[in-house]
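Observations on chain architecture
What follows is each chain in one-letter form.
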Amino acid sequence: MKIGISCHHTYGGSGAVATELGKALADRGHIVHFINRSAPFRLGTFSKNIFYHEVEAMHYPVFECPFYSLALATKIAEVATFEKLDVVHAHYAIPHALSAMLARQMLEDSCSDAKCFRLATTLHGTDITVVGADSSMHGAVRLAINKSDGVTAVSEFLRSETVKLFEPRRDVEVIANFVDTDLFRRQPDTVHLREQLDLKGRKVCIHISNFRPVKRILDVLKTFRSIEQSVPATLLFVGDGPERSEAENWAREHGIDERVRFLGKISDIVPLLSVADLMLMPSSGESFGLAALEAMACGVPVIVTDMGGFPEFIVNGTHGFLVGLGDVEAMAEKSVALLTDERLWEEFSSNCVEQARKYHVTAMVEQYEAFYMSLLNGES
Ligand code: GMT
């Protein structure tokens, strides 16, 4: 198949999933065209089946800001025509699905088949729960869903939120997030990295995100402050975003900044996960929580909130612990229990690796292929 993919290039789960999916489809012989504002952060090096088309939005003094969505629509129409795309897969409803819908309208007159390409949309999370729930965007997201030929959501939780908020005209299929467990696995030789990060004799907690309010970064810090009262520990923050400065200030004000390392945006996170003993992810809402699955694949137990998509793949007391939103005390208590009991940690760690294997990329890519085929066969 010839597949166009449009996604957010920025540091975050939806771009990661879209890119890993594109790479996996390309490995299976499909031709994949990324149509984006910038190269997605996980795209990596050259592959003979992957092409990247950058969207350049026009700057003109009359416009206060460039119309990216329109430039994207024009580019999708252009790539679809010249590369004869079978499917355009929009990741995150806004603006990708709407731009693809517009692209199809641009091609209406020139296409023999009125539909030109099939439009697949994957809903990732805040496109529904935050952006879509906002009255200024609700109608636009609803249109994007209803005008797609097929829609997937990354968890049962997100599917049901979508149905509740939008009452879509079509079924929403669940295809979960996935991980390549051949790449995401605990690396045995971490001596050098542990030295560089000064981790000798310390337990390592990790948090990876785009530091948005939903991630509750202060809960991570408060939990860590409690943990380190019982266990010598270091907290690694990977990623960046709007809440980072406040978090850095908080760490300084509370005298824990020497044990809290802000490493910034790093795309190859496997080495860092390989030195980690625990992932802290106290989000107030997470449609799935890809970072937790990737941590589990590397044998890192997780402490997460008992909400959203987490309970669909994380079993309390088996892969880590699910705790109430904002319950920093419980998070710290469970963390200390795990970090101080080697046998329990080993058991959880191997449970995590086993669980992550059920979300192996191949299984999910096969589901996406079947989904595309159903659209091409007009079954949706
Ligand atoms: O919806 C978002 O916040 C953006 C998106 C991203 O790009 O980070 O994250 C969502 O998509 C991921 C991949 O499907 C999910 O694993 C994340 O749970 C989800 N984030 C939220 O729901 C907050």
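What counts as what
- Residues numbered from 1 in each chain as written.
- Predicted model: local features only at pLDDT ≥ 70, side-chain atom pairs only at ≥ 80, totals over all residues.
- Heavy atoms only, no water.
- Helix = DSSP H or I, 4+ residues; strand = E, 2+ residues; numbered from the N terminus.
- Rg over C-alpha atoms; globule rule 2.2 N^0.38 Å.
- Contact = heavy atoms within 4.5 Å.
- Lys, Arg positive; Asp, Glu negative; His and termini not counted.
- Charge placed at Lys NZ, Arg CZ, Asp CG, Glu CD.
- Expected span 1.5 Å × (residues − 1).
- Buried < 20%, exposed > 50% of the residue type's maximum accessible area, 1.4 Å probe, protein only.
- Pairing = 2+ DSSP bridges.
- Axes fitted to C-alpha atoms, helices over the stretch in contact; angles between N-to-C directions.
- Patch = residues over 30% accessible without salt bridge, like charges linked within 9 Å, V, L, I, M, F, W, Y side chains within 5 Å.
- Areas by Shrake-Rupley, 256 points an atom, 1.4 Å probe, with all protein chains shown as cover.
- Salt bridge = Lys/Arg side-chain N within 4 Å of Asp/Glu carboxyl O.
- Domains from an automatic or database assignment.
- Polar contact = N/O pair within 3.5 Å; in protein donor to acceptor, adjacent residues only side chain to side chain.
- Near = heavy atom within 4 Å.

1. A look at the overall build of the protein chain
What the protein chain contains, in helices and strands, is 15 helices and 13 strands. A compact globule built from 380 residues should have a C-alpha radius of gyration of about 21 Å, and the protein chain, at 21 Å, falls within 12% of that. Taken along the three principal axes of its C-alpha coordinates, the protein chain extends 70 × 45 × 40 Å. Nonlocal contacts in the protein chain, meaning residues at least 24 apart in sequence, comprise 70% of its contacts between residues at least 6 apart. Both charge centroids of the protein chain, one from 37 positive and one from 50 negative side chains, sit 1 Å from each other.

2. Digging into helix α1 (residues 13-27)
Helical geometry: 3.6 residues make up each α-helical turn, so side chains three or four residues apart lie on a common side. Given a rise of 1.5 Å per residue, 15 residues ought to cover 21 Å, and the 21 Å separating the end C-alpha atoms of α1 matches this to within 8%. Burial within α1 is extensive, with twelve of its 15 residues counted as buried. The set of residues buried in α1 consists of Ser14, Gly15, Ala16, Val17, Ala18, Thr19, Glu20, Leu21, Gly22, Ala24, Leu25 and Ala26. Among the structural elements, β1 (2-6), β2 (31-36), β3 (50-54), β4 (87-91), α11 (290-297) and α15 (361-376) are those in contact with the buried residues of α1.

3. Some remarks on the sheet that holds strand β9 (residues 233-238)
Backbone hydrogen bonds are what pair the strands of a sheet, in a parallel or an antiparallel way. Strand order across the open sheet formed by six strands is β10-β9-β8-β11-β12-β13, with parallel pairing between neighbours. Each of the sheet's edge strands pairs with one partner strand only, and the pair in question is β10 (260-262) and β13 (320-323). Geometrically, the sheet is characterised by an average inter-axis angle of 20 degrees between neighbouring strands, direction not taken into account. With three bridges joining them, β9 and β10 adopt parallel strand pairing. Of the residues in β10, the one forming a bridge with phenylalanine 237 is phenylalanine 262.

4. Side note on a nonpolar patch on the surface
On the surface, Met58, Tyr60 and Val62 cluster together into a nonpolar patch covering about 350 Å² of accessible area. Here tyrosine 60 lies in the loop between β3 and α2 (68-83).

5. So, helix α8 (residues 217-230)
In a regular helix each residue adds 1.5 Å, so 14 residues correspond to 20 Å; α8 covers 21 Å between its end C-alpha atoms and thus fits that length. Within α8 the residues assigned to the buried category are Ile217, Asp219, Val220, Leu221, Thr223, Phe224, Ile227 and Glu228. Those residues of α8 that are buried are in contact with β8 (203-208), β9, α9 (244-253), β10, β11 (278-281) and α13 (328-339).

6. Some details on the domain arrangement of the protein chain
Taken as a whole, the protein chain is organised into domain 1 (2-178 + 360-376) and domain 2 (191-357). Measuring from the centre of the C-alpha atoms in domain 1 to the corresponding centre in domain 2 gives 31 Å. On the side of domain 2, 22 residues touch domain 1, which itself brings 19 residues to the contact. The interface formed by domain 1 and domain 2 includes one salt bridge. We note a salt bridge from glutamate 294 to arginine 42, for which the minimum N-O separation is 2.9 Å. If you look at where domain 1 meets domain 2, you find six residue pairs in polar contact (both at pLDDT 80 or more).

7. Side note on the side chain of serine 287
Position of serine 287 among the secondary structure elements: in the loop between β11 and α11. According to the relative accessible area criterion, serine 287 is buried, its value standing at 11%. In this structure the side chain of serine 287 is engaged in a polar contact, spanning 2.4 Å, whose partner is the backbone oxygen of histidine 124. The residues contacting serine 287, other than those within four sequence positions of it, are His124, Gly125, Val154, Ser155, Phe157, Leu158 and Gly309.

8. Concerning the site of the ligand
The environment of the ligand is formed by 18 residues, the closest being Gly13, Ser14, His124, Thr126 and Glu286. Between the ligand and glycine 13, the relevant distance is 2.7 Å, taken from an oxygen atom to a main-chain nitrogen or oxygen of the residue. Here the ligand loses 94% of its free accessible area of 480 Å² to cover by the protein chains. Take the shell around the ligand: its biggest share by element is three residues, from α1. Residues lining the shell around the ligand come from more than one domain, with at least three contributed by each of domain 1 (2-178 + 360-376) and domain 2 (191-357).

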